[in-house]
Amino acid sequence: MRTDQRDPEIRLSDYRVPDYLVRQVDLTFRLAPKTTEVFSRITFYPNPARAKGPADLILNGNGLEIEAVSINGSPLPREALSTGDETLTVAAAHVPQEGFVWEATNTIAPIDNTSLDGLYMSNGMYCTQCEAQGFRKITWFPDRPDVMATYKVRIEGDAPVLLSNGNLVGQGDGWAEWEDPHPKPSYLFALVAGELEAFEDRFTTMEGRDVLLQIWVRPGDLERCEYAMDALKRSMRWDEEVYGREYDLDRFMVVAVDDFNMGAMENKGLNIFNSKYVLASPETATDTDYANIEAIIAHEYFHNWTGNRITCRDWFQLCLKEGLTVYRDQQFSGDMRSHGVKRIEDVIRLRSQQFSEDAGPLAHPVRPEKYIEINNFYTATVYEKGAEIIGMLRGLVGEETWKTALDLYFERHDGEACTIEDWLKVFEDASGRDLSHFGKWYSQAGTPRVRVAEDYQDGTYRLTLSQETRPTPGQPNKEPLVIPVAYGLIGHNGADMESGVLELARAEETFEWTLPEKPRASLMRGFSAPVILEQGLSAAERSFHLAHDVDPFNRWEAGHAHALDLLGRMSQDADVEPEAEYLEALCVVADDPQPDPAFRALALGLPTVQNVISDMAANEMVPDPLAIHEARTRLKKTIAETLGDRPERMYAENAVAGPYTPDATAAGHRALRARCLDFITALDPEAKAAAEQFDAADNMTERVGALTQLVAAGRGEDALARFYEDWRQDRLVMDKWFAVQATATPPEAAVATVERLTGHPDFDWKNPNRLRSLIASFAGGNAAGFHRPDGSGYRLLMDWLIRLDPVNPQTTARLTSLVGNWKIFDGQRQALIRTELERLASLDGLSKDTAEMVGRLLAED
Ligand code: TRP
Ligand code: ZN
């Protein structure tokens, strides 16, 4: 354990309004890798909402020296200043209480900043990341989102391109000046400088304003910007049409950066992106990459209203902007592609990331009540469950009220820093409904389980629903939540006799209908709430839903739930065989011409080993990853045999003619072909079809799909070598080369393969994409390989986290969640993981980020 003093815990209940607000920020940067000079001039005024009496001025700084600091032009004496944890306090006696100008000069070294937080360098280019608390690494400032100000920024430096937020107001040789007229919190500040080129376009807003659009990339990457630009224009139009939200500056810029801790960042007018989510060409990007680019471009753009114009009062309110913005980007992708398929994909993601988080030591409410390092709370719970709450709210108030409420939200809170209470109040005012009970979704952690009991007598059908949520860390007692249950009651002819939405608000409720026959209840249609449904359906009943349910989500769900259950049983008993009804229903899905190919690809797919692990744990079983992997291989073979010649036929029928296009229809055909190739290869140890596809493919989707099959079949060597020769110069494609080997290598060879690859000259572990492509792909995507009973997988992961922590705490802390579910395994594996976690915990100088995570992981429950 670390021996130094414990890091302070920040609590929501301790929130106080700031004593001083900021009217204007003027920044000058003199850029140099080792010594960048920062001059700041900040106009403060007293907060009218603060308590009476003189107040200290509290600024934040992290790793900054106190160089020259003055108020109203007078240098401050040392005795006026005191420092604390990331704070600099000026005693009230030295602060003019009616308002003043603060000036400071400080020096930072972007080249030495490996944390990728604050001002840093990536491939010779300067860039910033200020959310959540990176601005304090640049200069002294009240670095909290409820302090919003307008900024003027002057950048001096040799780089040919010098960018910051807002509008360009002046430029000359070696300098540029930018002005952002919209008040913003410091976390939205951005600066970029380097040798960059712009892919340009224009957009005319609904009011007829002309906006310059630029995607800034390194020279040579210009040909890979077209899709991102197209996605940007579609996002801008969509937000006007669906939410009435117009863009508000003369230009909108996106910059692609290779070294980035997360996906992208919504800095005002200057979004900064992980290059993985901008650059795409048919030869280098997969269908999934294209879909991610579309979704993330939209997400960051949508933040302009939900996040930037209306921001968060404090970081506990993070879900206010993230949940809503994820909800909006999901809607957008659904509108662009297929709602049914998008919903299934979103639920798969929610369950694999959020449900497992909610089931273990890292569980926390969508609005947490305390944190040590806020960066540790950019989680699936805040983002994905936060979005689910928005979807439930919309369902509860109805379409019309939803629209009124959103208009009211934008009108009432534009330019403000808000809370979840503000958000809910808007809905209460718009609907006239008391939402205090519904609001518990924000404060109560854990995934509710909904149990179903049915009864049919004398023409009356009774449905009894009960709910229960298990304890989570710090929350031993759970209350019932308001759970919207979308349903259909299906008759023997397959048609709905009744449908609608039930509201389960108490621990148990019974609902009644008069019906001519006992229906089949199709519940939680469209996954109407983020809960675990325990309906206890038989194989025959599930097969009925899989073959016939009118709700695409529940149709997929029936097959998926059955496969989970079956794989769990098969992993425990080699004599368990798949039920005939299930196999027949899969044939019905394969033969059904109705649903689009993307849907059929999902419905014919099997849950991942990781999915089965989580599902078994949720049902009080101890999962054995290797046995699950073997069961899955066996089940896939049986399905392939049952499907007969269908996979080959469908593989041929779904070939897309002509050159590659990234649209959803073509991608759906390719997804179904990939599914077929998986079945074909399951019955062919030589993986001939995969080898042919690898040779013939003219696009990365099919190339990497084939490569994955070859590696999984233990026949990847040649293809890997050729792939490497073709793409060794391309960082994003090389990430795939590493990831395929990490995820698809059979379990017995996985640790050795990953270990060998960590010694590869192209394994640049300080680059988060590359590190994740190998280490996270392995630990998160190759469960049977990672959970070797000898603990070698755990050791490998921890060796890299120990190495990374002093370099990049944010990414290290994030990767600890790869063992977030460690307590669901058997005693031996738990002991091995505990040893590794303790090894990390005892590291000298462990970062506050990682210390908080291992502390939570190791806490006694
Ligand atoms: N706000 C960003 C988003 O949702 C994510 C983000 C938060 C982030 N902190 C970050 C991105 C740090 C990169 C680095 O899109
Ligand atoms: Zn976001």
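Predicted, not measured: the structure shown is a model, and the values here were computed from it.

Trainee: What should I look at first to understand the overall build of the chain in this one?
Mentor: Broken down by element type, the chain carries 27 helices and 31 strands. On C-alpha atoms alone, the chain measures out to a radius of gyration of 28 Å, which is about the 29 Å that the 2.2 N^0.38 rule sets for 861 residues. Counting all 861 residues of the chain, 61% fall into the buried class. For the chain, restricting intrachain contacts to residue pairs at least 6 apart in sequence, the fraction spanning at least 24 positions comes to 70%. Summed over all atoms, the accessible surface of the chain reaches about 33,000 Å², with 48% contributed by carbon and sulfur.

Trainee: Got a minute to help me understand the coordination of the zinc ion (ligand 2) in this structure?
Mentor: Of the protein atoms, only H299 (NE2), H303 (NE2) and E322 (OE) coordinate the zinc ion (ligand 2), at distances of 1.9 to 2.1 Å. Classification of the site at the zinc ion (ligand 2) rests on its four donor atoms, whose angles at the metal span 97 to 129°, yielding the label tetrahedral. Within one chain, the residues serving as donors to the zinc ion (ligand 2) are arranged as H-x3-H-x18-E. Comparing H299 with H303 shows no difference in burial state: the two are buried.

Trainee: Just checking my understanding: could you explain the pattern of salt bridges for this structure?
Mentor: One side chain can pair with another of opposite charge once the charged atoms of both are near each other. Applying the stated criterion across every chain, the model contains 74 salt bridges. Ionic pairing is found between R349 and E384, a salt bridge with its closest N-O pair at 3.2 Å. In this pair, R349 is assigned in helix α4 (residues 339-358) and E384 in helix α5 (residues 380-397), connecting sequence segments 35 residues apart. In this structure, the salt-bridge partner of E620 is R470, at a minimum N-O distance of 2.9 Å. A residue pair is termed long-range when its members are at least 10 positions apart, and E620 in the loop between α13 (609-618) and α14 (625-643) and R470 in the loop between β26 (460-468) and β27 (483-490) qualify at 150 residues. Overall, R470 belongs to the partly exposed group, its relative accessible area being 31%.

Trainee: Could you clarify how one ought to interpret the domain arrangement of the chain in this entry?
Mentor: When the parts of a complex come together, some accessible area is lost, and that lost area is often used as the size of the interface. Here the chain is partitioned into domain 1 (10-195), domain 2 (311-443), domain 3 (449-511) and domain 4 (728-861). Using C-alpha coordinates to define each centre, domain 3 is positioned 40 Å away from domain 4.

Trainee: Even after reading the chapter, I still don't get the site of ligand 1, so can you show me in this structure?
Mentor: The environment of ligand 1 is made up of 15 residues, and the closest members are E131, E266, E300, E322 and Y383. In the environment of ligand 1, an oxygen atom lies 3.2 Å from a nitrogen or oxygen atom belonging to the backbone of A264. Between E322 and ligand 1, the recorded distance is 3.0 Å, taken from a side-chain N or O atom to an oxygen atom. Relative to its free-state accessible area of 370 Å², ligand 1 is covered by the protein chains to the extent of 97%. Elements that contribute at least two residues to the shell around ligand 1 include exactly β20 (264-265), α2 (287-302) and α3 (318-336). Broken down by class, the residue content of the shell around ligand 1 amounts to six nonpolar, four polar and five charged.

Trainee: How should α13 be read in this particular structure?
Mentor: Owing to its 3.6 residues per turn, the α-helix aligns residues three or four sequence positions apart on the same side. Listed as buried for α13 are V609, N611, V612, I613 and M616. Its buried side turned inward, α13 meets α4, α10 (552-572), α14 and α23 (783-786). Downstream of α13 by one or two residues, E620 has phi in the positive range, about 60°.

Trainee: How should the pairing of strand β2 (residues 20-30) be read in this particular structure?
Mentor: Along a regular strand, successive side chains alternate from one face of the sheet to the other. Bridge count for β2 against strand β3 (residues 36-46) is ten bridges, and the pairing is antiparallel. If you follow L27 over to β3, its bridge partner there is S40. Relative to strand β12 (residues 149-156), β2 is paired through seven bridges, and the arrangement is parallel. The residue of β12 that forms the bridge with D26 is K152.

Rules used throughout
Residues numbered from 1 in each chain as written. Chains lettered and ligands numbered in written order. Predicted model: local features only at pLDDT ≥ 70, side-chain atom pairs only at ≥ 80, totals over all residues. Heavy atoms only, no water. Helix = DSSP H or I, 4+ residues; strand = E, 2+ residues; numbered from the N terminus. Rg over C-alpha atoms; globule rule 2.2 N^0.38 Å. Buried < 20%, exposed > 50% of the residue type's maximum accessible area, 1.4 Å probe, protein only. Contact = heavy atoms within 4.5 Å. Areas by Shrake-Rupley, 256 points an atom, 1.4 Å probe, with all protein chains shown as cover. Donors = N, O, S within 2.8 Å, 3.2 Å for Na, K, Ca; no water. Tetrahedral: all angles 85-135°; square planar, octahedral: opposite > 155°, others 65-115°. Salt bridge = Lys/Arg side-chain N within 4 Å of Asp/Glu carboxyl O. Domains from an automatic or database assignment. Near = heavy atom within 4 Å. Polar contact = N/O pair within 3.5 Å; in protein donor to acceptor, adjacent residues only side chain to side chain. Nonpolar A, V, L, I, M, F, W, Y, C, P; charged D, E, K, R; others polar. Pairing = 2+ DSSP bridges.

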